[in-house]
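Geometric and topological summary
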Amino acid sequence: MKIGMRRCLFLCLMVLSQYCYSQRIIGAGMDEPVKLPKEEVLDTSKFQCVYQHLVYEPERDEMRDYYEILLVGDSHSKYEDYAAYQLDSLMKTISAEKMTVNDYFSLSMRYKPEPESLIRDFKSNRITFYGRVYIDSYVYEESVPALSWKLENATKEVCGYLCHKATTTFRGRVWTAWYSDIPVNNGPWKFGGLPGLILGLEDAKGEHKFKAVGFKKDTVGFGYQKRNYMKTKREQYNAALAKYKAEAWKMVESTELHPKNADGTPVKIPHRKLFYNPIELE
């Protein structure tokens, strides 16, 4: 099989897995009205920051960019994929009775939302992390990381704001942050604990780079979707996700998702790793 065909087949398998996930979550046929999980609203955002997140994978020598959003309210903050935020915002404007599962699946494939998000509870100083491995949804909790920052004298401008430099080591990576005078103790992903909002962040190897690219002051309710999450721990979730990214084909082989040739024999699935370079190495 040629390389192009192998890549095409692998992409098709990923689409099929998304289809299977949609059916499992929604629990309906493709022509039936969509039934989305209900949202538990925890807070209303008063400030939003959109970040560009560049991820480099050394094994592939490939860089990919993602856009993510931080929503900050009075008692909670949420960090999630911007495409997921956009899709959720769109769904709130559409009558569910007029949308089929197939319609929702088509929108999901257009936006391609990433499944991970995290919510920070300011009162308890805890983080609740929501993620997915293949078609299974997971949740774990942990304390907000107590990062030991070293404040330095260097400054630079990020997204129109004068920012100050700080460095730290966190779970296997050395990080440099650029924090502003915006009085928000927060930043991209799990990072925070500086005198102002973190607008720029990069690890020493240049494998993860976050940069603020825009701000919003929309008042939007946010929280989490009520699903059948499997409770786990951070280390267990990271290990399961890493295993899936390295051996995704094993989730498809010998299942109903395994494509067949015209004669009914199973199509040979390329044993290729998915793009993956985690933020946490420990």
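Preceding this paragraph is the structure being described.
So, here's what we can say about the structure. Because the structure is predicted, anything quoted here is derived from the model rather than measured.

Mapping K156 onto the fold places it in strand β8 (residues 150–158). For the pair formed by K156 and Y179, sequence separation is 23 residues and the distance between their alpha carbons is 9.6 Å.

Right, let's talk about the environment of V139 for a bit. Within the element layout of this structure, V139 appears in strand β7 (residues 136–143). Since its relative accessible area comes to 13%, V139 is described here as buried. Sequence-wise, V139 and M230 are 91 residues apart; in three dimensions their C-alpha atoms are separated by 6.1 Å. If we ignore the near neighbours within four places in the chain, the residues touching V139 are T128, F129, Y130, Y229, M230, K231 and T232.

Attention shifts here to the pairing of strand β6 (residues 126–133). Most of β6 is tucked away, with 7 of its 8 residues classed as buried. Relative to β6, strand β5 (residues 117–121) runs antiparallel, the two sharing 5 bridges. Residue I119 lies in a different strand from β6, and its bridge partner there is T128. If you look at the hairpin formed by β5 and β6, you'll find 4 residues sitting between the two strands, and N125 has a positive phi there, around 60 degrees. Examined bridge by bridge, β6 and β7 share 8 bridges and lie antiparallel to one another. Looking at β7, one finds that R132 is bridged to S137. Connecting β6 to the next strand, β7, in antiparallel fashion are 2 residues, including Y134 with a positive phi near 60 degrees.

Our next topic: the pairing of strand β4 (residues 76–81). Extensive coverage of β4 is indicated by the burial of 6 of its 6 residues. Where strand β3 (residues 62–72) and β4 come together, 5 bridges link them in antiparallel fashion. From the neighbouring strand, E68 faces β4, where its bridge partner is D81. Taken together, β3 and the strand that follows it, β4, pair antiparallel across an intervening segment of 3 residues. Relative to β5, β4 runs antiparallel, the two sharing 5 bridges. Residue K78 lies in a different strand from β5, and its bridge partner there is I119.

Rules used in this analysis
By convention here, each chain's residues receive numbers from 1 onward along its written sequence. Local features in a predicted model are, by the rule used here, given only for residues with pLDDT of at least 70; side-chain atom pairs are given and counted only at 80 or more, and totals for whole chains, interfaces and linings are based on all residues. The side-chain figures draw on all heavy atoms in the structure; neither hydrogens nor water molecules are used. Secondary structure is summarised from DSSP: a helix means a run of H or I of at least four residues, a strand means a run of E of at least two, and numbering begins at the N terminus for each. Remark: exposure states derive from per-residue accessible area (1.4 Å probe, protein chains only) relative to the maximum for the residue type, with buried under 20%, exposed over 50%, and partly exposed in between. Contacts are assigned to residue pairs with any non-hydrogen atoms lying within 4.5 Å of each other. Paired strands, in this sense, are two strands between which DSSP finds at least two bridges.

None of this, on its own, says anything about what the molecule does.
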